[in-house]
Each structure stands twice: as structure tokens, then as C-alpha cells.
Amino acid sequence: LDIMLPNVSGLSILEELKKNEKTKRIPIFCVTNLPEEVGREKAIALGAYSYLTKVHYDIYDIVKHVELYFKEEAKTPATS
């Protein structure tokens, strides 16, 4: 989820996704050009799994973060 979207904040979308019973368990990776000090803390507080700044990560790094999430998820017992 990009934080800077036309007409709406990605943080607003994140907040709505986490409030909704059907979407709250979807892992959200925030990918943005905003510096970490601008949005990371709020994104994590709203329920984002990760906050990645585009300047520090390329597509391959982002894929590695997603793969790591699924590896960790596979180790964790399922909860309802």
C-alpha cells in the first residue's frame, strides 16, 4: 500500500482495512517515498506489517519482505 495516493491517504485506507472484519487480517506492507520519520510510527500503530521507503528498497527487497512474512506466518499457529 502506497502512503501517497491521489485523492486519498494510504494511511486512511490502512485504517479502514484494519477496522473491517473481512479485511483486518490482511498483511499490509506500506511502500512509500515518505521518510520513515514521517509515517512509519503511524502506519505500524494502525496495523501495517512493514513500512518500506522506496529510496532504500527495490522490488527484489520488497519481495524478500513479503516472503519473510509468509515464512514467519507458516511458523505461527493459526488463530481465528
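This text gives an overview of the structure that appears in the document. (Residues numbered from 1 in each chain as written. Predicted model: local features only at pLDDT ≥ 70, side-chain atom pairs only at ≥ 80, totals over all residues. Heavy atoms only, no water.)

Quick look at the side chain of serine 50
Then comes step 1: Along the chain, the position of serine 50 falls in strand E4 (residues 50-53).
Then comes step 2: Ignoring anything within four residues of it in the chain, the contact list for serine 50 reads Ile28, Phe29, Cys30, Ile44 and His65. (Helix = DSSP H or I, 4+ residues; strand = E, 2+ residues; numbered from the N terminus. Contact = heavy atoms within 4.5 Å.)

Examining the pattern of salt bridges
Then comes step 1: Applying the stated criterion across every chain, the model contains four salt bridges.
Then comes step 2: A salt bridge links glutamate 21 to lysine 24; the shortest N-O distance between them is 3.2 Å.
Then comes step 3: Exposure remark for glutamate 21: the relative accessible area of 60% places this residue in the exposed category.
Then comes step 4: One salt bridge connects glutamate 72 with lysine 75, and the closest N-O pair in it is separated by 3.6 Å. In this pair, glutamate 72 and lysine 75 are both assigned in helix H3 (residues 59-75), three residues apart and thus about one turn of the helix distant. (Salt bridge = Lys/Arg side-chain N within 4 Å of Asp/Glu carboxyl O. Buried < 20%, exposed > 50% of the residue type's maximum accessible area, 1.4 Å probe, protein only.)

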